Amino acid sequence: IKNRFSAGYVSLPDQNKIWTLTVSPELREKTPLVMVHGFGGGIGLWIQNIDRLSSRRALYAFDLLGFGRSSRPTFPSDPEAAEELFVSSIEQVKHLILVDPWGFPALPTDPSEVRSPPAWVKAIAAVLGRSNPLAVVRAAGPWVGWRIAGLFAMYLCTWCKIYHELFLYVPVSGESAFKTMMERFGWAKRPMLPRLNLIPKSLPITFIYGAETWIDSSTGEKAKELRPDSYVHTLAIKGASHHVYADQPSIFNEVVDEICDAVD
């Protein structure tokens, strides 16, 4: 990271701690950007985006509870309670940007409507069975683990040793919570679409998808139908799959910059 930055823990009311990266804190005139990673990720996911997106505004990125260097609490076995523990650590925003989001549509009752994930996803799901999703990565050790990790999230960590320390010697936490909230690999027990009405109508939402993603990208259009009196915009970035920010970082950075400028 070339821009001015600092990193440290932010304590939550429940005594858990969130590892937070703060970049360009001196740029206070514009609305800050907060970047939240997905499952199996961490701050390192944004390595190709941080400098560009913090060039004109303050940027904050943090490890979700149960991942990276943040606290590893014991999540409840109830999907709703586990979700609430994640959500309670994040405050409301001015514009919500959802990048290839998981967990919005309900699992279709008709098998023909289920979009098939890539072969590697099926293979890993078959191997994992009922174990936690990253169990194989931890067990594989630093050499193999680094290569398997690339299937879950590009650039999760730069060095094998760091990755090994993060996931082999810390309590299983975030992935257990994810498994609790998961219906089947790729589907949520408590899908978000039926609950979109709980988001204030005044909050704009932008869905960014990779044009080649295996995630159901129809969510954006369905969200627009469910929020006729709100701003909902959907776009797809060519040449990108699920990890849009890593597959096409320059285009992704440009799109996010435009959204942030509109907020200002």
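Our subject is the structure that appears above.
Residues numbered from 1 in each chain as written. Predicted model: local features only at pLDDT ≥ 70, side-chain atom pairs only at ≥ 80, totals over all residues. Heavy atoms only, no water.

Q: Mind showing me how you'd approach unusual backbone geometry here?
A: Negative phi values dominate among residues other than glycine, just as trans dominates among peptide bonds. One non-glycine residue, glutamine 15, adopts positive backbone phi at about 80°. Overall, glutamine 15 belongs to the exposed group, its relative accessible area being 64%. (Buried < 20%, exposed > 50% of the residue type's maximum accessible area, 1.4 Å probe, protein only.)

Q: It is not clear to me how the environment of serine 202 should be interpreted in this structure. Could you clarify?
A: Considering the arrangement of structural elements, one finds serine 202 in the loop between strand S7 (187-188) and strand S8 (205-210). Taking relative accessible area as the criterion, serine 202 reaches 68% and is therefore assigned exposed. (Helix = DSSP H or I, 4+ residues; strand = E, 2+ residues; numbered from the N terminus.)

Q: Please clarify how the packing of aromatic side chains should be interpreted in this entry.
A: To describe a pair of aromatic rings, one takes the distance between the centres and the angle between the planes. As enumerated under the stated definition, the model contains 5 aromatic pairs in all. Ring centres of tryptophan 46 and tyrosine 245 lie 4.8 Å apart, and the angle between their planes is 55°; on these two criteria the pair is classed as tilted. Highlighted residues: tryptophan 46 in the loop between strand S3 (33-36) and helix H1 (50-53) and tyrosine 245 in helix H8 (residues 244-247), separated in sequence by 199 residues. The residues tryptophan 46 and tyrosine 245 share a single accessibility class, namely buried. (Phe/Tyr/Trp six-rings, centres within 6.5 Å; stacked < 30°, edge-to-face > 60°.)

Q: Can you help me understand the pattern of salt bridges in this one?
A: In a structure, side chains of opposite charge can pair up when their charged atoms sit close to one another. For the structure on display, the rule yields 11 salt bridges. For arginine 57, the salt bridge is made with aspartate 264, and the minimal N-O distance between the two is 2.8 Å. Taken together, the positions of arginine 57 in the loop between H1 and strand S4 (59-62) and aspartate 264 in the segment after helix H9 (249-263) put the pair 207 residues apart, joining distant regions of the chain. Salt bridges sharing partners connect three or more residues here, namely Arg52, Arg56, Arg57, Asp257, Asp261 and Asp264. (Salt bridge = Lys/Arg side-chain N within 4 Å of Asp/Glu carboxyl O.)

Q: Explanation requested: the pairing of strand S2 (residues 17-23) in the structure shown.
A: If a strand is regular, its side chains alternate between the two faces of the sheet. In terms of burial, S2 is a largely internal element, 6 of the 7 residues being buried. Across 7 bridges, strand S1 (residues 5-11) lies against S2 in antiparallel orientation. The residue of S2 that forms the bridge with phenylalanine 5 is valine 23. Strand direction decides the pairing type here: S2 and S4, joined by 4 bridges, are antiparallel. (Pairing = 2+ DSSP bridges.)

Q: Which parts of the structure should I look at to understand the sheet that holds S3?
A: Whenever strands of a sheet pair, they do so through backbone hydrogen bonds, lying parallel or antiparallel. If you walk across this open sheet you meet the 4 strands as S1-S2-S4-S3, and the pairing is mixed. Each edge of the open sheet is held by one strand with a lone partner, namely S1 and S3. Strand after strand, the sheet turns through a mean of 25° between neighbouring axes, direction not considered. One ladder, built from 4 bridges, connects S3 with S4; its direction is parallel. (Axes fitted to C-alpha atoms, helices over the stretch in contact; angles between N-to-C directions.)

Q: Can you walk me through the nonpolar core in this structure?
A: General note: in soluble globular proteins, nonpolar side chains tend to be found buried as a group. Among the nonpolar cores identified, the biggest contains 23 residues, and Met35, Leu59, Ile208 and Phe252 are the most heavily contacted of them. Contributing elements (two or more residues each) for this core: S2, S3, H1, S4, H8 and H9. When residues of this core are assigned to their parent elements, the largest contribution, 5 residues, is made by H9. In contact with phenylalanine 252, other than residues within four places in its own chain, are Met35, Trp46, Asn49, Leu53, Val99, Ile208, Ile237, Val244 and Tyr245. Phe104, Leu193, Ile205 and Ala223 belong to the second-largest nonpolar core, a separate cluster that totals 13 residues. (Core = buried A, V, L, I, M, F, W, Y, C linked by side-chain atoms within 4.5 Å. Contact = heavy atoms within 4.5 Å.)

That's the geometry; what it means functionally is another story.
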